Amino acid sequence: MMIDLQRPGSRLGALMTNVSSAGGSALGALGSGLLVEYGPAPTRLVYWLLLAVFGDC
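Residues numbered from 1 in each chain as written. Predicted model: local features only at pLDDT ≥ 70, side-chain atom pairs only at ≥ 80, totals over all residues. Heavy atoms only, no water.

Caption draft 1: Up close: the overall build of the protein chain. When you go through the protein chain residue by residue, the secondary structure sums to three helices and zero strands. Taken over the C-alpha trace, the protein chain has a radius of gyration of 17 Å; the compact-globule value for 57 residues is 10 Å, which it surpasses by more than 25%. Counting all 57 residues of the protein chain, 5% fall into the buried class. As displayed, the protein chain offers around 5,000 Å² of accessible surface, 68% of which is attributable to carbon and sulfur atoms. (Helix = DSSP H or I, 4+ residues; strand = E, 2+ residues; numbered from the N terminus. Rg over C-alpha atoms; globule rule 2.2 N^0.38 Å. Buried < 20%, exposed > 50% of the residue type's maximum accessible area, 1.4 Å probe, protein only. Areas by Shrake-Rupley, 256 points an atom, 1.4 Å probe, with all protein chains shown as cover.)

What follows is the structure, encoded as structure tokens:
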């Protein structure tokens, strides 16, 4: 959608799409790593949180 709505000749839509994709992957890995390292029940907590988040949808 960002690429379709950008002005002709602008490359900002492609840049933002790539940055948000890479940033989301990095934040997800960092967040799950922190939960495993410092959270209670490190082998189960991440999966319970994912179930809670996606179960509400």
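Caption draft 2: How the structure looks around the packing of helix α2 (residues 12–38) against helix α3 (residues 45–55). Contact geometry of α2 with α3 gives a least axis separation of 9 Å together with a crossing angle of 130°. In terms of orientation, α2 lies oblique with respect to α3. Every residue of α3 that contacts α2 at S32, L35 and V36 is listed here: L45, V46 and L49. For the contact of α2 with α3, the class distribution of residues is five nonpolar, one polar and no charged. (Axes fitted to C-alpha atoms, helices over the stretch in contact; angles between N-to-C directions. Parallel < 35°, antiparallel > 145°, perpendicular 65-115°, else oblique. Contact = heavy atoms within 4.5 Å. Nonpolar A, V, L, I, M, F, W, Y, C, P; charged D, E, K, R; others polar.)

Caption draft 3: Spatial organisation of a nonpolar patch on the surface. Together, L12, L15, M16 and V19 give the surface a local cluster of nonpolar side chains, amounting to about 360 Å² of exposed area. Structurally, the position occupied by L12 is in helix α2. Note on L12: relative accessible area 51%, which makes it exposed. (Patch = residues over 30% accessible without salt bridge, like charges linked within 9 Å, V, L, I, M, F, W, Y side chains within 5 Å. Salt bridge = Lys/Arg side-chain N within 4 Å of Asp/Glu carboxyl O.)

Caption draft 4: Inspection of the environment of G39 at higher detail. Its place among the elements puts G39 in the loop between α2 and α3. When its relative accessible area of 19% is taken as the criterion, G39 is described as buried.

Caption draft 5: Expanded view of unusual backbone geometry. A positive phi angle, close to 55°, is found at A41, a residue other than glycine. For A41, the location among the structural elements is in the loop between α2 and α3. A41 sits in the partly exposed class, given a relative accessible area of 43%.

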